[in-house]
Amino acid sequence: MNTSPSISIRRKRAVKMILEGIVYVLPSLILFSIFLFYPMLRTIYLSLFLTDYQGNPALFVGLENFVYLFNDENFLQSVKATLLFVCYTVPTSVFLALSLALMANENLKGIGLFRTFFSSTMGMSVAASSVIWMFMYNPSIGVINKLLSLFGVSDIQWLLDPKIALISVAISTIWMNIGFNFLILLGGLQNIDTSLYESAHIAGVSYWYQLRKVTLPLLSPTLFFVTTVSLIHSFQTFGQIDILTKGGPMDATNVIVYSIYKDAFINYNFGSASAQAVILFFAVLIVTFLQFKFGERKVHYQ
C-alpha cells in the first residue's frame, strides 16, 4: 500500500500551519526586534567601546569599561544605593499590600470604598506622585514636618540629608507601588474557593491558622508574581529619583538607572553607560533566576 501521498499531504499541512503561525507572530517579532532586541545588542556593542559625544564608537577597549566600573567608587556607591533601595521597597510594599488586601477581602458593609482608596495610587503617574511627595517633604511648608512639629519634633531635611534621603524616596515609592500590588493580591484572594473557609470555620480553627494553612499557600502564586515584578521594577526605578533628589545628596540616592542616565545624557559617556546597563541587565536576570529557582519551590499552584 502506497502511503506517500498521505505523508506528502500531512507535510504540506504542517508547513502551512508553521507559515500561518509565523504570520501571526511576525508583527510582535518586528516590534520586539526594533524596540528590544536591537537596543539590547547595540548596548552590549557600545559597552566595548569609548564613544564620542554623539554616541558613535570611537575606540575599542574590550572589557576595560567593566573593569573601570568595578574599581570606581561612584559606581559601587550606586550599586549599594540600588540594593538598599530594593531591600527597603520590595518587602515593605508587598507586606503592606497583602495586609490591605486581607482587610479589603472581608465581607463588610462599605468595604468597596476602601478597596477604591487602597488601589487609587495606580491611577497616578510617577511624575505626579513624586511632585506631591516633594511638597510633602518640603522642610518649611511640607505637611509631614508640620505634623511632626505637633509632637515637638524639629524640621527634618527629608531629601537633603544623605542619611535619610534614600529612605524618603523609598517611602514614596512604596506608596506608589501599593495600589498595583494590592489589586493583584486582592484578585488572588477572591479566586480562593470559599468552601475551604467554610470547612475551616466548621472545624473551629482560628483566623491565623486559616491564614497560615489555607490563604497563604493558595495565594502563593500571586505573591510570587507580585514579588518578582516588584523586584524588577525596583531595580529600574528612575522617575522619582530624578524628580525628588536627582541622585543626591552626595550620591546617596544615585541608583544604577540614574547613574546610567547621568553618564549617557549629561556626561555623554555612552560606553560607560552601556556597560552599566549590561551589568544591570545581568543583575536583574540573576535575581529573577534565583527567585524562580528557590522562591518557586514554596509556590502551590493547586
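Everything numeric in this text was worked out from a predicted model, so none of it was measured. (Residues numbered from 1 in each chain as written. Predicted model: local features only at pLDDT ≥ 70, side-chain atom pairs only at ≥ 80, totals over all residues. Heavy atoms only, no water.)

Enquirer: Is there a simple way to think about the overall build of the protein in this case?
Expert: Across its full length, the protein holds 12 helices and 2 strands. Its helices and strands taken in sequence order, the protein reads α-β-β-α-α-α-α-α-α-α-α-α-α-α from the N to the C terminus. Relative to the 2.2 N^0.38 estimate, which gives 19 Å for 302 residues, the radius of gyration of the protein is 25 Å and therefore markedly larger than a compact globule would have. Along the three orthogonal principal directions, the C-alpha set of the protein runs to about 95 × 75 × 30 Å. Out of the 302 residues in the protein, the part that is buried amounts to 36%. Taking as baseline every contact in the protein between residues at least 6 positions apart, the subset at least 24 positions apart corresponds to 65%. Surface summary for the protein: the accessible area is close to 18,700 Å², and the carbon and sulfur share equals 68%. For the protein, the separation between the mean place of its 18 positive charges and that of its 14 negative charges on side chains is 14 Å. (Helix = DSSP H or I, 4+ residues; strand = E, 2+ residues; numbered from the N terminus. Rg over C-alpha atoms; globule rule 2.2 N^0.38 Å. Buried < 20%, exposed > 50% of the residue type's maximum accessible area, 1.4 Å probe, protein only. Contact = heavy atoms within 4.5 Å. Areas by Shrake-Rupley, 256 points an atom, 1.4 Å probe, with all protein chains shown as cover. Lys, Arg positive; Asp, Glu negative; His and termini not counted. Charge placed at Lys NZ, Arg CZ, Asp CG, Glu CD.)

Enquirer: Is there a simple way to explain the packing of helix α11 (residues 256-265) against helix α12 (residues 270-294) in this structure?
Expert: Between two packed helices, both the angle of their axes relative to each other and the distance between the axes serve to describe the pair. Two elements in contact, α11 and α12, have axes whose closest approach is 7 Å; the angle formed by their N-to-C orientations is 160°. By the angle class used here, α11 and α12 are roughly antiparallel. Our pair here, α11 against α12, has a crossing hand that is left-handed. Seen from α11, the contacting residues are Ile 256, Val 257, Ser 259, Ile 260, Asp 263, Ala 264 and Phe 265; seen from α12, they are Phe 270, Ser 272, Ala 273, Gln 276, Ala 277 and Leu 280. A class-by-class count of the residues in the contact of α11 with α12 yields 9 nonpolar, 3 polar and 1 charged. (Axes fitted to C-alpha atoms, helices over the stretch in contact; angles between N-to-C directions. Parallel < 35°, antiparallel > 145°, perpendicular 65-115°, else oblique. Left-handed = near helix turned anticlockwise from the far one by under 90°. Nonpolar A, V, L, I, M, F, W, Y, C, P; charged D, E, K, R; others polar.)

Enquirer: How do you make sense of the packing of aromatic side chains when you look at a structure like this?
Expert: Any pair of aromatic rings gets described here by the distance separating the centres and the angle formed by the planes. Taken as a whole, this structure holds 19 aromatic pairs when the rule is applied. Seen in terms of ring centroids, Phe 49 and Phe 60 are 5.3 Å apart; in terms of plane orientation they differ by 75°. Their pairing is edge-to-face. Pair noted here: Phe 49 is in strand β1 (residues 49-51) and Phe 60 is in strand β2 (residues 57-60), with a separation of 11 residues, a long-range link. Taking the relative accessible area as the measure of exposure, Phe 60 reaches 54% and is therefore exposed. On the numbers, 5.2 Å between centres and 75° between planes, the contact of Phe 281 with Phe 282 is edge-to-face. (Phe/Tyr/Trp six-rings, centres within 6.5 Å; stacked < 30°, edge-to-face > 60°.)

Enquirer: Quick question: what am I supposed to make of the pattern of salt bridges here?
Expert: One pass over the full model with this rule turns up 2 salt bridges. For Lys 246, the salt bridge identified is with Asp 242, shortest N-O distance 3.5 Å. Linking Lys 262 and Asp 251 is a salt bridge whose minimum nitrogen-to-oxygen distance equals 3.7 Å. With Lys 262 in helix α11 and Asp 251 in the loop between α10 (239-244) and α11, this pair connects stretches of sequence that are 11 residues apart. Lys 262 gets classed as partly exposed once you look at its relative accessible area, which sits at 23%. We classify Asp 251 as partly exposed; its relative accessible area is 23%. (Salt bridge = Lys/Arg side-chain N within 4 Å of Asp/Glu carboxyl O.)

Enquirer: What exactly am I supposed to notice about the UniProt feature "domain: ABC transmembrane type-1" (unreviewed entry) in the protein here?
Expert: Following the UniProt record, one finds the feature "domain: ABC transmembrane type-1" (unreviewed entry) at residues 79-291. The span residues 79-291 is 73% helix and 0% strand, and its two end C-alpha atoms sit 19 Å from each other. (UniProt positions renumbered as here; feature names shortened; annotations may be inferred.)

Enquirer: What am I meant to see in helix α5 (residues 126-136) here?
Expert: Counting along an α-helix, one turn takes 3.6 residues, and residues three or four places apart therefore face a common direction. For α5, every residue scored as buried is listed here: Ser 129, Ser 130 and Trp 133. Mapping the buried residues of α5 onto a view down its axis gives an arc of 100°, with all of them on the same face. (Arc of directions from axis to C-beta.)

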